[in-house]
Amino acid sequence: MGREIEVKIPLSKEDFDRLFDSLILCKAHIPGVDVVSSSSDLIVKRDEYYSKYNPREERRAAGEPQVIRIRTEEISGASKSYFTLKFKKKENGIELNKEDETFIQEPEVLREFFAEAGYHLFFDKVKKNYSANCQSDFFPGINFHAELENVNNLLYLEVEVVQEEGEADVIKQSLFDFLKQLGLNPENRDSRSWMEILLG
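So, how was this worked out
Residues numbered from 1 in each chain as written. Predicted model: local features only at pLDDT ≥ 70, side-chain atom pairs only at ≥ 80, totals over all residues. Heavy atoms only, no water. Helix = DSSP H or I, 4+ residues; strand = E, 2+ residues; numbered from the N terminus. Rg over C-alpha atoms; globule rule 2.2 N^0.38 Å. Buried < 20%, exposed > 50% of the residue type's maximum accessible area, 1.4 Å probe, protein only. Areas by Shrake-Rupley, 256 points an atom, 1.4 Å probe, with all protein chains shown as cover. Lys, Arg positive; Asp, Glu negative; His and termini not counted. Charge placed at Lys NZ, Arg CZ, Asp CG, Glu CD. Contact = heavy atoms within 4.5 Å. Core = buried A, V, L, I, M, F, W, Y, C linked by side-chain atoms within 4.5 Å. Pairing = 2+ DSSP bridges. Phe/Tyr/Trp six-rings, centres within 6.5 Å; stacked < 30°, edge-to-face > 60°. Lys NZ or Arg CZ within 6 Å of the ring centre and 35° of its normal.

Q: I'd love a proper account of the overall build of the protein, names of residues and values included.
A: When its secondary structure is counted, the protein shows 5 helices and 8 strands. Reading the helices (α) and strands (β) of the protein from amino to carboxyl end gives β-α-β-α-β-β-β-α-β-β-β-α-α. Taking 2.2 N^0.38 as the reference for a compact globule, 200 residues should give roughly 16 Å; the C-alpha atoms of the protein span a radius of gyration of 17 Å, in line with that estimate. Among the 200 residues that make up the protein, the fraction classed as buried is 46%. Carbon and sulfur atoms provide 49% of the accessible area of the protein, an area that totals close to 10,600 Å². If the 27 positive side-chain charges of the protein are averaged to one point and the 38 negative ones to another, these points end up 3 Å apart.

Laid out in C-alpha cells, this is it:
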C-alpha cells in the first residue's frame, strides 16, 4: 500500500535478452547498478479487471477506481490471488499511483460477489515476467524494482519505486536516469495503460 512511482518502456528482443542476462542471471555487470536480488523463476500474473460501467468516461464520472482487479500469480506451480484497488494519476508520462492490495484465499467468492453487485469483467491480460531489485550508485537510498515482461507477446521493462519518503520529482528523475544506466532512452517510455496498449 502507498505511493508507487513507475515507468514502463518497450524493449526489442535484443534489449530484453541483454537485460535478462545482466539483471536476472547476473552474468554481465551494468556500471553503477547493483542487483540486490533477482529470480530466474517465471512469474505469471493473470489480471481480471471489473467495473459497474461500460465506457471509461462513465467510470471516471462515477468516481470508480481506475483499477478494480483480481490478480492471480503463479510462481513455480504455486498460486496466490490478490484483490487490488488502484487510483492512478499521471504526471509528465510517469504514473503516480495509490494502490491498496490484499491477499484473497478464494478468488471465486469475490467473482460471485462482483456478479451479484452488478460488476462485469471488461478486460483481462496475462503478464509473464522476471523480476529484480536493484540499487544505483548514483541514487543511494532508492530501491528500484525492475520487471522484464512479456504481455501478449509484447516485450517491456517496468521499473517502479515504492516508498513514501522523498520528493516525487526527484524519484521520477532517478527513474529516468536509471533507465539510461540500463542503456535505454527514457524518451521511449510508454505512459499508456495496458488496456490502451493491448486494445489499441
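Q: Give me the side chain of Lys 45: which residues, what numbers.
A: As for its position among the elements, Lys 45 is in strand E2 (residues 33–51). Overall, Lys 45 belongs to the buried group, its relative accessible area being 8%. The contact partners of Lys 45, leaving out residues within four places of it in the chain, are Arg 71, Thr 72, Glu 73, Lys 125, Val 126, Lys 127, Asn 129 and Glu 147.

Q: Outline the nonpolar core, listing residues and values.
A: Counting residues in hydrophobic clusters, the biggest one holds 30 residues, and the most contacted among them are Leu 11, Leu 19, Leu 23, Phe 144, Leu 157, Val 159 and Leu 182. If you tally residues by element for this core, the top one is helix H1 (residues 13–24), at 5 residues. For Leu 182, the residues in contact, after removing those within four places along its chain, are Arg 18, Leu 19, Leu 23, Ile 30, Val 33 and Leu 157. One finds Tyr 50, Ile 70, Ile 104 and Leu 110 within the second-largest nonpolar core, a separate group that totals 6 residues.

Q: Now, about unusual backbone geometry: what can you tell me, with residues and values included?
A: Despite not being glycine, Ser 76 has its phi angle at roughly 50 degrees, a positive value. Structurally, Ser 76 can be placed in the loop between strand E3 (67–75) and strand E4 (78–91). Residue Ser 76 is classed as exposed on the basis of its relative accessible area of 62%. The phi angle at Asn 152 is positive, at roughly 50 degrees, despite the residue not being glycine.

Q: Describe in detail the pairing of strand E8 (residues 154–161), supporting the description with residues and values.
A: Within E8, 7 of the 8 residues are buried, which leaves the element mostly enclosed by the surrounding structure. Across 7 bridges, the pairing between strand E7 (residues 143–151) and E8 is antiparallel. The partner of Glu 147 across the bridge, within E8, is Glu 158. The antiparallel hairpin formed by E7 and E8 contains 2 residues in its connecting segment, where Asn 152 sits at a positive phi of about 50 degrees.

Q: Let's hear about the packing of aromatic side chains: which residues, and what values?
A: Taken as a whole, this structure holds 10 aromatic pairs when the rule is applied. Joined through ring pairs, the aromatic side chains of Tyr 50, Phe 83, Phe 113, Phe 114 and Tyr 119 make up one cluster. Here the basic side chain of Lys 8 rests over the ring of Trp 194, its NZ or CZ set 5.6 Å away from the ring centre.

Q: An account of the environment of Asp 34 is needed here, citing residue identities and associated values.
A: Assignment of secondary structure puts Asp 34 in strand E2. Classification of Asp 34 by relative accessible area gives partly exposed; the value is 36%. A sequence separation of 100 residues divides Asp 34 from Cys 134, and the C-alpha atoms of the two residues are 5.6 Å apart. Contact partners of Asp 34, with chain neighbours within four places excluded, come to His 29, Asn 133, Cys 134, Gln 135 and Asp 137.

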